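Analysis of the macromolecular model
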Amino acid sequence: MTEHLLTYFGTTALSWLVAVPFIGFLAVLFTPRQHVTFLRNFAMGVMAVEFVVSLIVLAGDYTTSAYQFSAQYPLVESLGISYNVGLDGISLWLVLLTTFMTPVALYASWTSVTTKVKEFALCFLFLETAMIGAFVSLDLFVFYVFWELMLVPMYLIIGIWGGQERIYASIKFFLYTMVGSLLMFVAILFVVVAYKGAGGAYTFDIAQLQNLILERETQYWLFAAFAL
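Note that the structure is predicted; figures quoted are calculated from it, not measured. (Residues numbered from 1 in each chain as written. Predicted model: local features only at pLDDT ≥ 70, side-chain atom pairs only at ≥ 80, totals over all residues. Heavy atoms only, no water.)

1. Describing a nonpolar patch on the surface
Basically, it comes down to this: Put simply, a patch holds well-exposed residues, over 30% relative accessible area, that have no salt bridge, with like charges counted together within 9 Å and Val, Leu, Ile, Met, Phe, Trp or Tyr side chains within 5 Å. Residue-level accessible areas treat just the shown protein chains as cover; the underlying method is Shrake-Rupley with a 1.4 Å probe. Any Lys or Arg side-chain nitrogen located within 4 Å of an Asp or Glu carboxyl oxygen qualifies as a salt bridge. Note on conventions: DSSP H or I runs of at least 4 residues are helices, E runs of at least 2 residues are strands, and numbering of each starts at the N terminus.
Side chains of Val 152, Tyr 155, Leu 156, Ile 160, Ile 167, Ile 171, Phe 174, Leu 175 and Met 178 sit close together on the surface and give an oily, nonpolar patch of about 760 Å² of accessible area. Counting only elements with at least two residues in the nonpolar patch, the list comes to helix H6 (140-161) and helix H7 (166-197). Per-element accounting of the nonpolar patch gives the leading share, five residues, to H7. Checked against the element boundaries, Ile 160 lands in helix H6.

Next up, the structure:
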């Protein structure tokens with residue numbers, strides 16, 4: 001059974017994980033906002049399908065260091081940017097946790113969200129797309145794009161459906177995450193340029209960048225930039 005699953009889905013499983021909530025996002029986008037009950041049930045249905053699809057990745061062999069369900073397609077070859085996805089034993093559980101908890105969070109939210117239901121469903125579906133994309137990305141540029149896209153619906157959810165201090169909280173959230181993201185992006189560019197300077201080509205491929213040898217102090221600074 002495991003072999004059949006791996007053969008059938010092969011390199012498309014992770015792409016489907018990213019695509020399913022985004023397809024749901026597009027469907028909700030073109031659905032009239034008056035159909036409140038349908039919007040709620042449809043968004044929950046899409047996330048339920050996403051969870052079922054995510055169970056397929058359990059069929060991978062995570063006893064080795066090899067990435068499972070990997071797929072790579074060039075995007076900007078001159079800069080070494082590609083759509084590159086894969087799963088290891090850590091990101092596996094982050095993906096499953098996301099596909100399980102997101103519909104739970106959405107279902108729990110329906111009791112308090114009575115206005116702008118369509119927009120709320122859109123935010124959650126887009127958020128799930130970005131979170132899954134960030135967890136499966138093996139290209140640092142694509143990872144950063146998904147990371148930034150993830151912040152947009154979070155900002156809107158806080159600012160529109162938050163508590164009494166939602167405006168203050170959303171602005172604070174934006175400032176903190178923006179500063180942190182810029183530091184991370186600088187660290188990413190530093191690693192890419194350093195790899196090029198060490199005799200390689202421009203690449204954002206994590207597997208290739210792992211071969212870069214840096215001084216210990218430089219590693220500390222880069223880790224701090226990512227952690228902050």
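2. Some words on the confidence of the model for the protein chain
What counts, and what does not: Residue-level confidence of the predictor is summarised by pLDDT, bounded by 0 at the bottom and 100 at the top.
Averaged over every residue, the pLDDT of the protein chain is 89; residues scoring 70 or more account for 95%. Per-element confidence in the protein chain is highest for helix H5 (residues 117-136), whose mean pLDDT is 95, and lowest for helix H1 (residues 2-9), whose mean pLDDT is 54.

3. Things to note about H7
For the record, the criterion: Given the number of residues in a helix, its expected span is that number minus one, multiplied by 1.5 Å. Buried residues are those whose accessible area, probed at 1.4 Å on protein chains only, stays under 20% of the maximum for their type, while exposed residues exceed 50% and partly exposed ones sit between those limits. Residues count as neighbours in contact if any of their non-hydrogen atoms are within 4.5 Å of one another.
When the terminal C-alpha atoms of H7 are compared, their 46 Å separation across 32 residues agrees well with the 46 Å that a helix rising 1.5 Å per residue should span. Listing the buried residues of H7 in full gives Ser 170, Phe 173, Thr 177, Gly 180, Ser 181, Met 184, Ala 187, Ile 188, Val 191, Val 192 and Tyr 195. Against the buried residues of H7 lie H6, helix H8 (206-209) and helix H9 (216-227). Just downstream of H7, Gly 199 is the residue with a positive phi angle, here 110°.

4. What to know about the environment of Lys 118
For clarity, the cut-off: Any pair of nitrogen or oxygen atoms within 3.5 Å is treated as a polar contact; in protein, a donor-acceptor pairing is required on top of that, and neighbouring residues in sequence qualify only through side-chain atoms on both sides.
Mapped onto the secondary structure, Lys 118 falls in helix H5. Along the backbone, Lys 118 and Leu 39 are 79 residues apart, and their C-alpha atoms lie at a distance of 6.4 Å. From its side chain, Lys 118 meets the backbone oxygen of Thr 31 in a polar contact 2.9 Å long.

5. Some details on the pattern of salt bridges
In total, this model carries one salt bridge according to the counting rule given. For the salt bridge of Glu 119 with Arg 33, the shortest nitrogen-to-oxygen distance reads 2.6 Å. With Glu 119 in helix H5 and Arg 33 in the loop between helix H2 (13-29) and helix H3 (36-54), this residue pair connects regions lying 86 residues apart in the sequence. Residue class for Glu 119 comes out partly exposed when judged on its relative accessible area of 23%.

6. Brief notes about the packing of H6 against H7
Geometry of a packed helix pair, given as the angle between the helix axes and the separation of the axes. In plain terms, the rule: Interaxial angles span 0 to 180 degrees and are taken between N-to-C directions of axes, which are lines fitted to C-alpha atoms, for helices over the stretch in contact. Convention used here: angles under 35 degrees read as roughly parallel, angles over 145 as roughly antiparallel, angles from 65 to 115 as roughly perpendicular, and any remaining angle as oblique.
For the pair H6 and H7, interaxial distance at closest approach is 9 Å and the crossing angle is 175°. Classified by the angle between their axes, H6 and H7 sit roughly antiparallel to one another.

7. Some details on the packing of aromatic side chains
The condition that has to hold: A pair of Phe, Tyr and Trp rings is counted when the ring centres sit within 6.5 Å of each other, with Trp represented by its six-membered ring. The angle between the planes then sorts it: under 30 degrees is stacked, over 60 is edge-to-face, the rest tilted. For a lysine, the NZ atom is tested; for an arginine, the CZ atom; a charge sits over a ring if that atom is within 6 Å of the ring centre and within 35 degrees of the ring normal.
Under the defined criterion, the tally for this structure stands at 12 aromatic pairs. When the centroid spacing of 5.1 Å and the interplanar angle of 40° are considered together, the rings of Phe 120 and Phe 124 count as tilted. Residue Phe 120 and its partner Phe 124 are both found in helix H5; the two are separated by four residues, about one turn of the helix. A relative accessible area of 3% places Phe 120 in the buried class. A residue is classified by how much of its surface remains accessible, and Phe 124, at 8% relative accessible area, is buried. Each member of the aromatic cluster is reached from another via a ring pair, and the members are Trp 110, Phe 120, Phe 124 and Trp 161. Positioned above the aromatic ring of Tyr 202 is the side chain of Lys 196, whose terminal nitrogen or guanidinium carbon lies 5.2 Å from the ring centre.

8. A look at the side chain of Ser 137
You can see Ser 137 is positioned in the loop between H5 and H6. With residues up to four places along the chain from it excluded, the contact list for Ser 137 reads Asn 84, Val 85, Val 142, Phe 143, Phe 146 and Ile 206.

9. Section: the side chain of Thr 98
Here Thr 98 shows up in helix H4 (residues 89-109). On the basis of relative accessible area, Thr 98 is assigned to the buried category, the value being 9%. Beyond its immediate stretch of four places on either side in the chain, Thr 98 contacts Pro 103, Glu 128, Met 131, Ile 132 and Phe 135.

10. As for the packing of H3 against H4
What counts is decided by this rule: In this scheme the crossing of two helices becomes right-handed for a clockwise turn of the near helix relative to the far one and left-handed for an anticlockwise turn of less than a right angle. When residue character is reported, Ala, Val, Leu, Ile, Met, Phe, Trp, Tyr, Cys and Pro are called nonpolar, Asp, Glu, Lys and Arg charged, and the others, Gly included, polar.
Here H3 crosses H4 at 160°, and the two axes come no closer than 9 Å. Taken as axis vectors, H3 and H4 run roughly antiparallel relative to one another. In this structure, H3 meets H4 at a crossing whose hand is left-handed. In contact with Ala 43, Met 44, Met 47, Glu 50, Phe 51 and Ser 54 of H3, H4 contributes Leu 96, Thr 99, Phe 100, Thr 102, Pro 103, Leu 106 and Tyr 107. Of the residues belonging to the contact of H3 with H4, the class tally is nine nonpolar, three polar and one charged.

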